[in-house]
Each structure stands twice: as C-alpha cells, then as structure tokens.
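Each chain, letter by letter, is given below.
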Amino acid sequence: MEIAVLGYGTVGSGVVEVLNLNKENITRRAGKDIHVKYVLDLRDFPGDAVEEILVHDFQVIANDPEIEIVVEVMGGVRPAYDFVKECLERGKSVCTSNKELVAKHGAELLEIAKQKRVNFLFEASVGGGIPIIRPLNQSLTADEIMEITGILNGTTNYILSQMHDYGYDFDTVLKKAQELGYAERNPEADVEGYDACRKLAILTSLAYGKQVDYEDIYTEGITKITAEDMKYADAMDASVKLLGIGRREDDKFFAMVAPRIIGKHHPLYSVNDVFNGILVRGNMLGDVMFYGSGAGKLPTASAVVADVVDAAKHVGTNIMTLWSSKKLALSSSTDAMNAFFVRVPAEEKDAAAAAFGTVREVKAEGVDGEFAFVTEKMTEDAFAEKSRSVTVKNRIRVEI
C-alpha cells in the first residue's frame, strides 16, 4: 500500500522513522506492506534518505492514483485543510495529528470521508500517543458520557509541576521549559490554554456527537498562578493543574479550560511533568483513565501510524464517527457551579466573610498579610458578584 506524508517536521520525520523501525510488526497488523512513496515539504534535506522521495508540489500526490492513504502532519489550518479535503474527495484516506484542523473542520471532513467511503482519522490530535479518540468512538459507545476531564497540555503541566515541587515562580519555570524544548519561543498557545481548548473541543464534539467550536469554550491559562498559590495548595494537600472539562448536567452542557486545585483523591493528581491524563466518566462504566506521553516526536508518530494501520485495514469501508456539523448548544460558563480558592488582603477578612458567608480558611507557611479561603459551591456569576466587595489577589477553582 502506497502512502504519502505531508510535512517532514518533528512528527512527519517520526512517522517515517516508526514505519521503518517497526516495519515487520506494522505489516503483520495491517495485513499488507505499507510503503512511503512521497514526502511533501517546502524544504530540502541534503544527506537525508528522504531526499529520494521528497516532492515540493502537493499535486504530485493528489494526482497519483497509487496513493491510498495520506498522512497530514503539517500543522495549521491552511493549506492543510485544502490538501486534506482534496485527498478525501479523490478517495484517499487521511490520518492527521493536526488539532487545529480537526477542531475547526472535523465534522465536515468526516462527512466527506463517509460519502467517499474512505476514512479521516485523527487519534494523534489529542493526547499525543495516548489512545483516546478510538476508545471514545468505538469502545465506550454503550455509555452516556457524563464528563471528560483532561490534563491536555504537557508544557503547562510541566510548568505547574515544577512550581509545586520546587517553589519556582512562573517566569523561571517557563524559561527552563523553553531551554528544554518543552515550550515554544512564543508559548502563548500553551500557557494561555488555547492548545488545551482545541483538544477539549474535539473531545467534547466526539463525546456528544455535535460540533463544539473552541471559540465558544471559556479558556483561562496559567500565567496568573504564583509560587504563593502553590504553597496554599500544598497546605491543602493538593496541587494545581490546568484542566479541560466537558460536562453534561441533565440537559445542559458545559465546557471550560482553567487552572484548578485538585486533591490527592482525584485521579489526575499524580499526573505530573510533561505527561497527560484524560478521565472519562460514563453513566454505566464509571471512571476510565487514560495516561501517557501527551506530546513528543515518537509518541505522536506512533498514534499517527496506528491510524494508518486502521485505514489500511478498512479500505473501501468508512469507520463511522458520530460528529455532526450541527452545533452543540453550550450553557453559559457563568452558570457553571464551582468552589473557589480566594486570596484577599488580611485587613479584608471581615469583608470577605460578609460577602461569601461560610468559608474554610487556608493558611500557608511563608505567606503573610493575606486571608485565604475556600468558598462553598456557587455559580461563576454569583462569585463575580460577591467578589466585587473585596480585593481579590487571585482566585482558582477547586475540586477537593
């Protein structure tokens, strides 16, 4: 079976490497030999064996009837969307790791694949090497998904883990993460929560079968988390994680990306460093946990190649995925119920008690001049109203 790879960056080169290193096993599982006929990239790679199959014109791939599967690992929406759409319309299956593309155009591309009896597969778009798309699509179909909660970004999880374990401030750990290659030179997509938001949009769309636009998801990053916040979390026997949560409550649907303080009982508490974890809660099965490397060259490439094998085994058959282009009506984030950890100046203790009523005070070693407390559960709207009467130094949602 002849395939083509669009993009020879980190993941693209990883796909070629995985196909070469594990060729015998992949052939056995796919039932046929998978051969990379073309790699598309704008650049040249002198001295790399890929030069023998490198092309710079996408139409070479699009017009070749021998190409049955195309791997898209270019990233970004354009020109990836145009290339993927044309491949599907020409009867070629597509496997991608491109979360931006899937979040924005997933429903449309799945519909084209269905019409053409090919497949659009995107396991690697969420959680890197963690299998989560396939279980949602195939293994958990007997359950109503009540909630998906995930640590969906390795960069932010690394930063928060370092801040918690070593007492560093945000800027110090961010610089370290950039030096180690965990964070980009411009880390905005990670630290502001946008990357996690796109992944949550994909998961929520799959869980409930309708389109969730990432622009509609309330998103808050980790840039306001301080070393003092970590000391308080430690005093509560808890940690701070950036969580993406998609939740169904009766006939209402909520989606939010934001930092949360979670206690040791929480299944995601022990997910540290650059690892990702995804918790799926079904109405019959209960809790199911997926854990592993959420990014990286070979873990992500491994997930892409698994999709290639799946596509090879289903030639002429569309693997049904329930994801309608009809939008899922998300309830306003202001109606979501949460408890909050709040820090105010010490002299505003009485004002805070008057505003929030029954609260649980939290004291942290080495932090003075503050009154910190955890509220009872209330709507986001109610919290915003109550907090107007005090000077909030910081607030973090709590699940402990």
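As shown above, the structure is provided for reference.
Residues numbered from 1 in each chain as written. Predicted model: local features only at pLDDT ≥ 70, side-chain atom pairs only at ≥ 80, totals over all residues. Heavy atoms only, no water.

1. Some thoughts on the pairing of strand β12 (residues 275-282)
Now for step 1: The buried fraction of β12 amounts to six of the eight residues, a majority that puts the element mostly inside the structure.
Now for step 2: Where strand β7 (residues 145-151) and β12 come together, six bridges link them in antiparallel fashion. Its bridge partner being in β12, I148 is matched across the sheet by V280.
Now for step 3: In this structure, β12 lies alongside strand β13 (residues 286-293), joined through eight bridges in antiparallel fashion. Residue pairing for β13: F275 is matched across the bridge by S293. (Buried < 20%, exposed > 50% of the residue type's maximum accessible area, 1.4 Å probe, protein only. Helix = DSSP H or I, 4+ residues; strand = E, 2+ residues; numbered from the N terminus. Pairing = 2+ DSSP bridges.)

2. Thoughts on the layout of surface pockets
Now for step 1: Here the largest pocket defines a volume of roughly 1,000 Å³.
Now for step 2: Lining the largest pocket are 38 residues, with K99, E184, D195, A295 and G296 positioned closest to its centre.
Now for step 3: Contributions of two or more residues to the lining of the largest pocket are made by α1 (10-21), α5 (99-115), α7 (154-166), α9 (188-191), α10 (194-208) and α12 (297-313).
Now for step 4: A breakdown of the residues in the lining of the largest pocket according to their chemical character gives 10 nonpolar, 20 polar and eight charged.
Now for step 5: Estimated volume of the second largest pocket: approximately 380 Å³.
Now for step 6: Together, 16 residues line the second largest pocket, and L136, T141, L206, A207 and L322 are the ones closest to its centre.
Now for step 7: Here the element with the most residues in the lining of the second largest pocket is α10; it accounts for three residues.
Now for step 8: Residues that form the lining of the second largest pocket fall into these classes: nine nonpolar, four polar and three charged. (1 Å grid on protein atoms, 1.4 Å probe; cavity = no way out; pocket = protein on both sides within 12 Å on 5 of 7 lines; lining within 4 Å. Points joined across faces, edges and corners; volume = space filled by probe spheres on them. Nonpolar A, V, L, I, M, F, W, Y, C, P; charged D, E, K, R; others polar.)

3. Examining unusual backbone geometry
Now for step 1: Following R78, the chain continues to P79 via a peptide bond in cis, the omega torsion being 5 degrees.
Now for step 2: With respect to the helices and strands, the residue P79 is situated in the loop between β4 (67-72) and α4 (80-89).
Now for step 3: Its identity as a non-glycine residue notwithstanding, R117 has a phi of 55 degrees, on the positive side.
Now for step 4: A residue is classified by how much of its surface remains accessible, and R117, at 53% relative accessible area, is exposed.

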